[in-house]
Amino acid sequence: MLKRIVLYWISVAVAVCLCACGSGDKTANINSSDFVCSINIALDGNTFSGEMTRPAKGCCTVSITEPSIMDGLTLSVTDCKAKVTYDGISFDVPEKYSRYLSALTAMVDALDAATDVSTLSIKHDGNKTVYSGTSNSGEFQLTAYSSGMPSSMYIPDLDLKVDFIERSA
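Below is a summary of the structure that appears in this document. (Residues numbered from 1 in each chain as written. Predicted model: local features only at pLDDT ≥ 70, side-chain atom pairs only at ≥ 80, totals over all residues. Heavy atoms only, no water.)

**Side note on the nonpolar core**
In globular proteins that are soluble, nonpolar side chains generally tend to be buried together. For clarity, the cut-off: To define a nonpolar core, start from buried Ala, Val, Leu, Ile, Met, Phe, Trp, Tyr and Cys residues and group those joined through side-chain atoms within 4.5 Å. Only protein chains enter the accessibility calculation, which uses a 1.4 Å probe; a residue is then buried when its area is under 20% of its type maximum, exposed when over 50%, and partly exposed in between. Helical segments are the DSSP runs of H or I of at least four residues, strand segments are the runs of E of at least two, and each set is numbered from the N terminus. Any two residues whose heavy atoms approach within 4.5 Å at even a single point are treated as in contact.
Grouped together as the largest cluster of nonpolar side chains are 38 residues, with contacts concentrated most on M52, M153, L160 and F164. Among the elements that take part in this core, helix α2 (residues 99-113) stands out by supplying 9 residues, more than any other. Residue contacts for M153: discarding those within four places in its chain leaves M107, A110, L111, Q141, L142, L160, K161, V162 and F164.

Structure, rendered in structure tokens:
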């Protein structure tokens, strides 16, 4: 009888160990706020380059530098309010009226959602981690370096691709 009890507890311990081995790492190591970086954006067959400032959750500013015709244009989202600034003139724009502001809002939503591990699918790929999930703006895929610095983002509903470059905290 004692042998059966010991064997039972050993089998339980083995089963627990085997289950734990397959659980994977479910921690989000993403620094998705308080940074400045250069970015490349692909949207609607157009490409843009600029600088992105992300001071806190829910906020983001993108200053366009390329193409040169849009140099100086700044799009910003703060607490779900969108604003456009160009040549010293600023005005609020309902996000639904601008495809580009919608894309910026989707970026903010995805970066905010990427910090909630319970809603993410996490896959390790070499020195990068791919976080897939759903935000208020739809599905997203965010790739980050092992340091937690985002390297790229893809939002399929908008066919929006973003590369984060030269990042500084």
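**Observations concerning the side chain of T129**
For clarity, the threshold we go by: Here a polar contact is recorded for every N or O atom pair within 3.5 Å, except that within protein the pair must consist of a potential hydrogen donor and a potential acceptor, and residues adjacent in sequence are included only if both atoms are side-chain atoms.
Mapping T129 onto the fold places it in strand β8 (residues 128-135). In this structure the side chain of T129 is engaged in a polar contact, spanning 3.2 Å, whose partner is the side chain of H124.

**Regarding the pattern of salt bridges**
Here is the rule: Only one rule defines a salt bridge in this text: a Lys or Arg side-chain nitrogen within 4 Å of an Asp or Glu carboxyl oxygen.
The full count for this structure, using the stated rule, is 1 salt bridge. A salt bridge links D112 to R54, with the nearest nitrogen and oxygen atoms 2.3 Å apart. Of this pair, D112 sits in helix α2 while R54 sits in strand β2 (residues 46-54); the two residues are 58 residues apart in sequence, bridging distant segments of the chain. The class for D112 is buried, based on a relative accessible area of 15%.

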